[in-house]
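Residue-level structural notes
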Amino acid sequence: MKRRDFLSLLFGVFSATAVGSLAYPLIRYLAPPEEEAGIKTVTIDKRSILTGKAKEVVLGTTPVIIIDRPGKGYIALSRVCTHLGCLVNYDEEEKRLVCPCHAGIYDLEGRVLSGPPPRPLQQFPLRVEGNKIIVG
Ligand code: FES
């Protein structure tokens, strides 16, 4: 490769890098991520959750679990444990949420039953419209 060709190639690479670093913030500004755009709801089909079962969704950047509690209806709770942030899992048989990291246990209202979590799980507003469940 001749020196002139090498310098042309090098200039092309630097130019592409410069354009990319200018374009990325512009694209982020024009098409912001979902959370920054103010979209803070998730809609699911009600029929996708059977009584006593749960469904995991993501609301913005927060993992959320929607549970159809027998006799009490739906509830949407953050899956982020209030102790150190691990993701809780739904224990369908025991009807509770269990944190796998330090054995924190929550009831289906999100209240702490045992373990180190200092606060209840965050609850999100939820409404049912026809066959839709809208969280957020
Ligand atoms: S992170 Fe959940 S109990 Fe510690």
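Refer to the structure presented above.
Only a predicted model underlies this, so the values are computations on that prediction, with no experimental measurement involved.

**Concerning the nonpolar core**
Counting 13 residues, the largest nonpolar core has I67, L77, V88 and L97 as its most contacted members. If we skip the residues at most four places from it in the chain, I67 touches K53, A54, G73, Y74, I75, L77, Y90, L97 and L108. The next biggest cluster of nonpolar side chains, apart from the first, holds 11 residues, and it includes V42, V64, A76 and V135.

**Considerations on the pairing of strand β11 (residues 132-135)**
Of the pairings in the sheet, the one linking strand β1 (residues 42-45) to β11 comprises 4 bridges and is antiparallel in character. Residue pairing across strands places I44 opposite I133, the latter belonging to β11. As paired elements, strand β10 (residues 126-129) and β11 share 4 bridges and run antiparallel to each other. If you follow R127 over to β11, its bridge partner there is I134. Where β10 folds back on β11, the antiparallel hairpin that results is connected by 2 residues, among which G130 adopts a positive phi of roughly 65 degrees.

**A look at the pattern of salt bridges**
Scanning the model with the defined rule gives 8 salt bridges in all. Its salt-bridge partner being D107, residue R111 comes within 2.8 Å of it at the nearest N-O pair. On the accessibility criterion, R111 (47% relative accessible area) is partly exposed. Because the salt bridges share partners, they merge into one network encompassing R69, K72 and E109.

**Thoughts on the environment of E93**
Within the element layout of this structure, E93 appears in the loop between β5 (89-91) and β6 (96-98). For E93 and K53, which are 40 residues apart along the polypeptide, the C-alpha to C-alpha distance reads 9.8 Å.

Rules of the game
Residues numbered from 1 in each chain as written. Predicted model: local features only at pLDDT ≥ 70, side-chain atom pairs only at ≥ 80, totals over all residues. Heavy atoms only, no water. Core = buried A, V, L, I, M, F, W, Y, C linked by side-chain atoms within 4.5 Å. Buried < 20%, exposed > 50% of the residue type's maximum accessible area, 1.4 Å probe, protein only. Contact = heavy atoms within 4.5 Å. Pairing = 2+ DSSP bridges. Helix = DSSP H or I, 4+ residues; strand = E, 2+ residues; numbered from the N terminus. Salt bridge = Lys/Arg side-chain N within 4 Å of Asp/Glu carboxyl O.

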